[in-house]
Amino acid sequence: MLMRVLLLWCGLSGFVGGSVFAQQEMAKAGIDRVIELYERTEVSRSANAHEAITQGQSALAILDHLPESPATLEWRALVLTNIAWAEGVLSNYQTAFSVAKNALNIAERAKSDKARARCLNTIAILNREIGNYDEALDLLQQVLVLERSLGNHTRTLTTRNNLGLLLVDMDRPNDALGIFLDALQQAEPDVNPLSVTRVRINMSEALIGLQEFQKAVDELTEVTEQTPDLPMNMRASLTRLLGQAYFGLGNIKAADTLTSDALVYWQTVQDAGDIIETHVQLAKIKSAQNQLKLAERHLLDAELLAHESGKPQLLREVVAALSRFYENVDLNKALIYARQESQLREKVFSDSLAKRLGQFQTRLEQSERENQIDLLRRENELKAIQVEQQRNYLYLSVGAVLFILLLMVFLIYRLKVRRHMLDATSMARERALAQISHEFRTPLTGIIGVSELLQKTQLTPEQRELLRTINYSGESLLGLVNDLLDVSQLDAGKLVLQQKPFDLRELLESVLELFSLIVEEKGISLVYRLGLCEVTEVTGDPQRLRQILVNLVSNAIKFTDRGSVVLNVHWQHLRKDYSELIIEVQDTGIGIRDSQLKRLFEPFAQADDGIGKGTGLGLSISRQIARQMGGDITVTSTPQVGSCFIVKVHLQPREWQANDLKHLPLPYVAGWQLPEALAGVAAEYLLEVGVALERVNTLEQIERLKAPKVFLMLAGSDNRETVNTLLQHWHDSHVLLLASPRARLQWEAQPMPRVSILNRPLRPGELVTFLSAIVNKAPLPKPDPVPVNEPSMSVTVEAAEPETPTRQSEKTRALVVDDNEVNRVITRRMLERMHVAVEVCADGSEAVRATMQDSYDIIFMDCQMPELDGYQATAEIRRQEQEQGRSSTVIVAMTANAMDGDKERCLSVGMNDYLAKPIRMEDLARMLSKYQFIAAG
């Protein structure tokens, strides 16, 4: 019996022992799994907060099935701390504080200084995030004491680093620098090197706060050299701080580059807070570069990200930056953001108060668990403190509200005063410019108008030379007035770009046509390269692009006495959303020295004071226009070799299919004594249709060719004999002459068989059309007439009396209204030369009476006149026509104003069209033809 009892006892003991051992093994495996999940949350809590929360909850579920012990309580507190951190990253601050408070209670139960230090550190960081800096400072000091006692050197260094960053946020850079230096001096050898590097990077932020910018640059540069392979987040922080230091040193370009790189790094890391700070820093840099639109875009991007982050403190800082930015840009928006900043300041203040009260409640609960009697005493003390605090907060709130109201009143008053001052200055400036324009253009009408009328009369060579001088002087003065108006509009930001469709090739050819006579006289080549298959139908501002090209080509020709001026045109990016056109204006002129290039685009600057004849405004205006068109103008030059001006503008293509060019059944074209640049460009165009260009200079060279069918050569007064010789030797050949307007008049006066006249400068489309007609034996087209519209640097053409436009019906009757006698006489003479019956009036009242007594086909109305001006006279004429049921008379404004909005004002009062003074005969003819009073001629 005794033996049975002993055996039974042994069996039960073995069973119980095995069960306990199994439970211990299961607990150990559970703890190992919890540790693994905790380490994962350490890595992912900032980079992937959602994943960290999921992993933490899995660890808590395992701990729920394990028996409670100091170890399990410690790990539960650590896991909850990481979950609280992740909730803070997601801006769920209420949840984060609640979880962290729970973790701290568990750490107290576990009596774990390690867990307590982690909890307090997380709560401190959360306080810093919402702007409760004092509480965060107190907590971090407690963390530092705990980490020192634990002997964790890396954690101690990290806590010092966090303390330094907090002091920087509190605008205490001196204290922060002391903390950072102390951290570096007391760093132990076993500390992670990256932690030391992080402290050095953050120390530079304190140096920047102390305006020790050069020291910050030296420190960050040394870190970069010593640690080239930094993690992405540390590299982003270093790059942003380095850009901030360079900005403080005034090196704006380096600051722009570095801060832009930092933004890319932070976007890779996906740290919203640092992305927002980098956007704000970039906005400051762009504002310093006067790139206000880019600065505004960075601030608005920062505002959007701040809203998404849900961090009121961060949003308040962005809104404050927007308010400061708009103070000099848009006063209404500045006031709106100032109000938002005030509201956000109150919200952050309220959140901080709510959190502080929550902390007091936590302490009360803890005291209740420790001692009920002590809890009652502390509760009474707390209530007294709360009453006092509420009274203080009430006083503070009332004072803050009064201060904000006074500040808002002051800001509104200041903004209104500034707006009134700006509006008054802008209006005075516009009135002054309009008056100056009017006073200049009125006498210019007499100068240019009389010179045009005299050109139609019989003159001696000496008289014609003097007349050219008068016309050149008038056109130069008009160009100066237009340049000054453009400079004023650009400075005021009132130059508005048009967006309308146009043909790029036609614009280029029209620009080159302006200079056809001057390049012929100087004996240089003027050509452009734009492939026949390139996209040319675009949308943009043709007038401003033409202005840029006329200025650059004019300068290139002015300083080129031999060789060529070539326009190389191509697309850099050809997409529907972004298309950049590049035009290179390259010449073989005298070039520009390096010392002159630096100030070439400054207003009133010239490349060579001894040679320049202009005002020095053209290049400055052209660059500003190009920048408004989304591009720029740059230049490279070599003295005595030539210069190359590169224009980049953004245009919107309207077609995307390349032209379908068929090869012509023609082996080659013989280019007779063509200049090198012209021959090179012509060869490229011909190659696109499968035709070669053979350059020949002598008849012997032609003999070696196989029966040339087409010759291409320049037209001149001295090569008619050469053309005869070529046609006699090769009976089946055809000669294409590239002729300027002057040479074309001479050749068309005495035409020759098998000789066709093409426009010079070369038009590739016209050349291919003629070649196609020749090889297909089709009727040869006639080239379009080339108008001789020269810029101010060209000379007046000595041409015969132009043909008078023919009338479509009976004689047109016109009324000219102008208070200036010279303008009336000149306009009347110009119209009479076009067989128009003209009557004149000296002011608006006379014009109204004249229209009541008689009828007219068209009225040319000056705008600025005494008594009744042109606007009032037009309104009265339209009123009478409506009352009497008469048909509307065409009224064309003639005004010396050339500011933006003048044309719109004329049309708004009932005028049909608009002419800017000085009035030219071709302007009048164009208006008469437009309204079908004469046939187009």
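In case you missed it, the structure is sitting above this.
Worth saying up front: this structure is predicted, and the values here are computed from it rather than measured.

Caption draft 1: Main features of the overall build of the protein. Along its length, the protein carries 33 helices and 18 strands. Summarising the internal contacts of the protein: among those between residues at least 6 apart in sequence, 66% fall at separations of at least 24. Here the protein has roughly 47900 Å² of accessible surface; of this, 53% comes from carbon and sulfur atoms.

Caption draft 2: Geometry of the packing of aromatic side chains. Counted under the stated rule, the structure contains four aromatic pairs. Plain terms: the ring middles of Phe 325 and Tyr 326 are 5.2 Å apart, the flat faces sit at 70 degrees to each other, and that makes the pair edge-to-face. For Phe 325, a relative accessible area of 10% puts it in the buried group. Given the relative accessible area of 2%, Tyr 326 is considered buried.

Caption draft 3: Representation of the environment of Pro 639 within the structure. With respect to the helices, strands and loops of the structure, Pro 639 is situated in the loop between β6 (632–638) and β7 (642–650). Overall, Pro 639 belongs to the partly exposed group, its relative accessible area being 41%. Remark: the alpha-carbon pair of Pro 639 and Ile 592, spanning 47 residues in sequence, is separated by 5.4 Å.

Caption draft 4: Representation of the sheet that holds strand β18 (residues 913–916). With parallel pairing, the five strands of this open sheet are ordered in space as β15-β14-β16-β17-β18. With one partner strand each, in any of the chains shown, β15 (837–841) and β18 form the two edges of the open sheet. Recorded for the sheet is a direction-independent mean angle of 20 degrees between the axes of neighbouring strands. Two elements, strand β17 (residues 890–895) and β18, share four bridges in a ladder whose sense is parallel. If you follow Met 894 over to β18, its bridge partner there is Leu 915. Each of β14 (813–817), β15, β16 (858–862) and β17 is contacted by helix α29 (residues 821–833), which is oriented at about 170 degrees to β15, the strand it contacts most. Relative to the sheet, helix α33 (residues 921–930) contacts β16, β17 and β18, its axis offset from that of β18 by approximately 170 degrees.

Caption draft 5: Focus on the sheet that holds strand β12 (residues 734–739). Here five strands make up an open sheet; going across it, the order is β10-β9-β11-β12-β13 and the pairing parallel. In this open sheet, the two strands that pair with only one neighbour each are β10 (692–696) and β13 (755–759). In this sheet, neighbouring strand axes are inclined to one another by 30 degrees on average, regardless of whether the strands run parallel or antiparallel. Bridge analysis of strand β11 (residues 710–714) against β12 gives five bridges, and the strand direction is parallel. The residue of β12 that forms the bridge with Leu 714 is Leu 738. Contacts from helix α24 (residues 676–687) reach β9 (668–672), β10, β11 and β12 within the one sheet, and its direction differs from that of β10 by about 155 degrees. Along the sheet face, helix α28 (residues 764–775) touches β9, β11, β12 and β13 and points at about 160 degrees away from the line of β13.

Caption draft 6: Structural detail: empty space enclosed by the protein. Under the criterion given, the structure shown has five cavities of 30 Å³ or more. In this structure, the largest cavity spans a volume of roughly 60 Å³. What lines the largest cavity is Tyr 38, Glu 42, Arg 45, Leu 78, Thr 81, Asn 82, Arg 118, Asn 121, Thr 122 and Arg 155. Looking at the lining of the largest cavity, the elements with two or more residues in it are α1 (2–47), α3 (70–89) and α5 (113–130). Looking at the lining of the largest cavity, its residues break down into two nonpolar, four polar and four charged. If you add up the space inside the second largest cavity, you get close to 50 Å³. If you trace the second largest cavity, you find it lined by Ser 525, Leu 526, Val 527, Pro 675, Leu 678, Leu 714, Arg 760, Pro 761 and Leu 762.

Caption draft 7: Fine view of the pairing of β6. Residues of β6 alternate between two faces, with Ile 633, Val 635 and Ser 637 buried on one and Asp 632, Thr 634, Thr 636 and Thr 638 left unburied on the opposite face. The hairpin turn running from β6 into β7, its antiparallel successor, is three residues long, and Gln 640 in that turn takes a positive phi close to 65 degrees.

Caption draft 8: Summary view of unusual backbone geometry. Cis rather than trans, the peptide bond between Arg 760 and Pro 761 has omega equal to 10 degrees. Mapped onto the fold, Pro 761 is located in the loop between β13 and α28. A positive phi angle, close to 65 degrees, is found at Gln 640, a residue other than glycine. For Gln 640, the position within the fold is in the loop between β6 and β7. Despite not being glycine, Arg 754 shows a phi value in the positive range, around 60 degrees. With respect to the helices, strands and loops of the structure, Arg 754 is situated in the loop between α27 (741–749) and β13. Note on Arg 754: relative accessible area 31%, which makes it partly exposed.

Caption draft 9: Inspection of the side chain of Arg 240 at higher detail. Looking at the element boundaries, Arg 240 is found in helix α11 (residues 232–249). A residue is classified by how much of its surface remains accessible, and Arg 240, at 6% relative accessible area, is buried. If sequence neighbours within four positions are ignored, Arg 240 has contacts with Ala 262, Trp 266, Asp 274, Glu 277, Thr 278 and Gln 281.

Caption draft 10: How the structure looks around the packing of helix α9 (residues 193–209) against helix α10 (residues 213–226). Relative to each other, α9 and α10 sit at 165 degrees, their axes nearing to 8 Å. By the angle between their directions, the pair α9 and α10 is classed as roughly antiparallel. With respect to the hand of their crossing, α9 and α10 are arranged in left-handed fashion. Mapping the contact onto sequence places Thr 197, Arg 200, Ile 201, Met 203, Ser 204, Leu 207 and Ile 208 in α9 and Phe 213, Lys 215, Ala 216, Glu 219, Leu 220, Glu 222, Val 223 and Gln 226 in α10. Per-class residue counts for the contact of α9 with α10 are eight nonpolar, three polar and four charged.

Calculation notes
- Residue positions are counted from 1 within each chain, in the order its sequence is given.
- The predicted origin of the model limits local features to residues at a pLDDT of at least 70 and limits the giving and counting of side-chain atom pairs to 80 or more, whereas totals for whole chains, interfaces and linings rest on all residues.
- The basis for every side-chain value is the complete set of non-hydrogen atoms in the structure, without hydrogens or water.
- Under the scheme used here, helices are H or I runs from DSSP no shorter than 4 residues and strands are E runs no shorter than 2 residues, and both carry numbers assigned from the N terminus.
- Residue contacts are counted whenever heavy atoms from the two residues lie within 4.5 Å of one another.
- Note that accessible areas follow from Shrake-Rupley with a 1.4 Å probe, and for residues the cover is restricted to the protein chains shown.
- Here a Phe, Tyr or Trp ring, Trp counted by its six-membered ring, pairs with any other such ring whose centre lies within 6.5 Å, and the pair is stacked when the planes are under 30 degrees apart, edge-to-face when over 60, and tilted otherwise.
- The cut-offs for exposure are 20% and 50% of the maximum accessible area for each residue type, with area from a 1.4 Å probe on protein chains only; residues under the lower value are buried, those over the upper are exposed, and the others partly exposed.
- Note on pairing: two strands pair once DSSP finds at least 2 bridges between them.
- Orientation is described by axes fitted as lines to C-alpha atoms, over the contacting stretch for helices, and by angles from 0 to 180 degrees between their N-to-C directions.
- Within this scheme a cavity is a closed region of a 1 Å grid, computed over the protein atoms alone, that accommodates a 1.4 Å probe without allowing it to escape, whereas a pocket is open but has protein on both sides within 12 Å along at least five of seven lines; lining residues each have an atom within 4 Å of a point.
- Grid points are joined across faces, edges and corners, and a volume is the space filled by probe spheres set on the points.
- Three categories are distinguished: nonpolar for Ala, Val, Leu, Ile, Met, Phe, Trp, Tyr, Cys and Pro, charged for Asp, Glu, Lys and Arg, and polar for the others, with Gly belonging to the last.
- For classification purposes, angles smaller than 35 degrees are called roughly parallel, those larger than 145 roughly antiparallel, those between 65 and 115 roughly perpendicular, and all remaining angles oblique.
- Whether a crossing is left-handed or right-handed is set by the direction in which the near helix is turned from the far one by less than a right angle, anticlockwise for left-handed and clockwise for right-handed.

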